[in-house]
Structures are given as structure tokens and as C-alpha cells.
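Structural description and commentary
One-letter residues, chain by chain:
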Amino acid sequence: NIGRNAMTEVNDETFECPQWLSNDDAKRIGRGWAGCASLDWTQPLESQLTKDQYSSIDFIVASDVVFLRSMLQSVFNTVESIFRASTNPPPLILSFQRRDAKDGDESVSFTTVTGILNAMNDRGWSCKNLAWREVTVLKEDGGEDGAVKEDQSEVFVFEINLSN
């Protein structure tokens, strides 16, 4: 429903929601507005958002979207499109759970921490590790009965930026 005119009153002043953000997900935050959009990393950015939308993004949040090696480049290509379109490129906040524990950096299927760092370096991006934590996860034990067992994993939260 992009284009719906949304208005609110704050301190006896009327602030209009920008037209490009006027949709059912737009929320008033303080004196500003926030909205979100889900993106299909495998589709061109321009087919999903208007230029006003993708050039005005304040930050990108991606949670658990690069666990398979085959997903990493698509996600990073989309992020790079947003970086290029923005006069003030937004940070990418990326959470990532390791799934390569047994294979390590040799994992054929799963993205590794080293793989993420190398892909960022190849693009000239900078990275801060905002958080790291060991977590207990439930995994199928591989038996025919479908039983699960507890296993240890790691979760990282990175802030990724276009380097100056």
C-alpha cells in the first residue's frame, strides 16, 4: 500500500510520513519514521524497491541468511547495490550462526566465518564483531526415530560497512 498518506501529531506539529515510506509497516519513532521491507536476495534490487526507497535506507538487518555457501554472494550483491545507490551507505547488521563445526573452513555446504570475512575483504568492506556467543542448539541425531540432541554452536553479530 505504498503511497497511503500517513500523518501524526507530535508537540502540536504535524509531521508527514514520506511518500516512499507510506505503507502499512511505517511506524512513528520519535520525530522520525521507520519502515521495513523484505528482500529476495536473488532478485534485482530495482525490481523490489523504488530508487527513493533503496537510496534512503538507514541500516540493513540480515539474520541467519548466509548459512549456505550458495547464499553468501547473492546477499552481498544486494547489499553492494544498496551501498552504491546511497549517498550515505547504511551499515549491514548481520547475524550468523556457525554450522560448519565438523568441517571447519573446508565445509562444502556451509558458510564459514572465514568465508564471510574473505567475501567482505574481497569487496573492500570493513567489519566489526559486535557480539559473539556460544549457544545450545537442537539437531537431529540422524536416526530413523527423528530424535534430536543438544549441540553447541556459535552466533556472531557483525556490523559491515563500505570502507572509505
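Definitions and limits used
- Residues numbered from 1 in each chain as written.
- Predicted model: local features only at pLDDT ≥ 70, side-chain atom pairs only at ≥ 80, totals over all residues.
- Heavy atoms only, no water.
- Phe/Tyr/Trp six-rings, centres within 6.5 Å; stacked < 30°, edge-to-face > 60°.
- Helix = DSSP H or I, 4+ residues; strand = E, 2+ residues; numbered from the N terminus.
- Buried < 20%, exposed > 50% of the residue type's maximum accessible area, 1.4 Å probe, protein only.
- Lys NZ or Arg CZ within 6 Å of the ring centre and 35° of its normal.
- Polar contact = N/O pair within 3.5 Å; in protein donor to acceptor, adjacent residues only side chain to side chain.
- Contact = heavy atoms within 4.5 Å.
- Salt bridge = Lys/Arg side-chain N within 4 Å of Asp/Glu carboxyl O.
- Pairing = 2+ DSSP bridges.
- Axes fitted to C-alpha atoms, helices over the stretch in contact; angles between N-to-C directions.
- Patch = residues over 30% accessible without salt bridge, like charges linked within 9 Å, V, L, I, M, F, W, Y side chains within 5 Å.
- Areas by Shrake-Rupley, 256 points an atom, 1.4 Å probe, with all protein chains shown as cover.
- Lys, Arg positive; Asp, Glu negative; His and termini not counted.
- Charge placed at Lys NZ, Arg CZ, Asp CG, Glu CD.

Let us look at the packing of aromatic side chains. Counted according to the given criterion, the structure contains 3 aromatic pairs. Their ring planes at 55° and their centres at 5.0 Å tell us that F76 and W125 sit as a pair that is tilted. Of this pair, F76 sits in helix α2 (residues 69-85) while W125 is found in strand β7 (residues 125-140), placing the two residues 49 residues apart along the sequence. As far as the burial class goes, F76 and W125 line up, both buried. Ring plane angle 10° and centroid distance 5.7 Å describe the contact between F156 and F158, whose orientation is recorded as stacked. Judged on exposure class, the residue F156 and its partner F158 are both buried. The structure contains a cluster of three or more aromatic residues connected by ring pairs, namely F76, F83 and W125. The side chain of R99 reaches across the aromatic face of F67, ending 4.4 Å from its centre.

Our next topic: the side chain of E154. Within the secondary structure, E154 sits in strand β8 (residues 148-162). A polar side-chain atom of E154 sits 2.8 Å from a polar atom in the side chain of R98. The residues touching E154, leaving out its near neighbours within four places in the chain, are F96, Q97, R98, W132, R133, E134 and V135.

Our focus in this paragraph is the pattern of salt bridges. All told, the structure shown has 4 salt bridges when counted by the stated rule. Note that R99 and D64 form a salt bridge whose closest N and O atoms lie 2.9 Å from each other. On the criterion of sequence distance, the pair formed by R99 in the loop between β6 (92-97) and α3 (113-123) and D64 in the loop between β5 (60-63) and α2 is long-range, its members being 35 residues apart. Residue classification places R99 among the partly exposed positions, given a relative accessible area of 24%.

Time to look at the sheet that holds β7. Pairing is mixed across the open sheet formed by 4 strands, whose spatial order is β5-β6-β8-β7. Looking at which strands have only one partner, the edges of the open sheet turn out to be β5 and β7. Across the sheet, the axes of successive neighbouring strands diverge by a mean angle of 15°, strand direction being ignored. Both β5 and β6 contribute to a ladder of 4 bridges, which runs parallel. Bridge pairing in β6 places A62 opposite L94.

Right, let's talk about the pairing of β8 for a bit. Across 6 bridges, the pairing between β6 and β8 is antiparallel. Residue pairing for β8: L92 is matched across the bridge by I160. Sheet topology places β7 next to β8; 15 bridges connect them, and they run antiparallel. Note on β8: the bridge partner recorded for E134 is E154.

On the surface, E140, D141, E144 and D145 cluster together to form a negatively charged patch. Its relative accessible area of 68% is what places E140 among the exposed residues.

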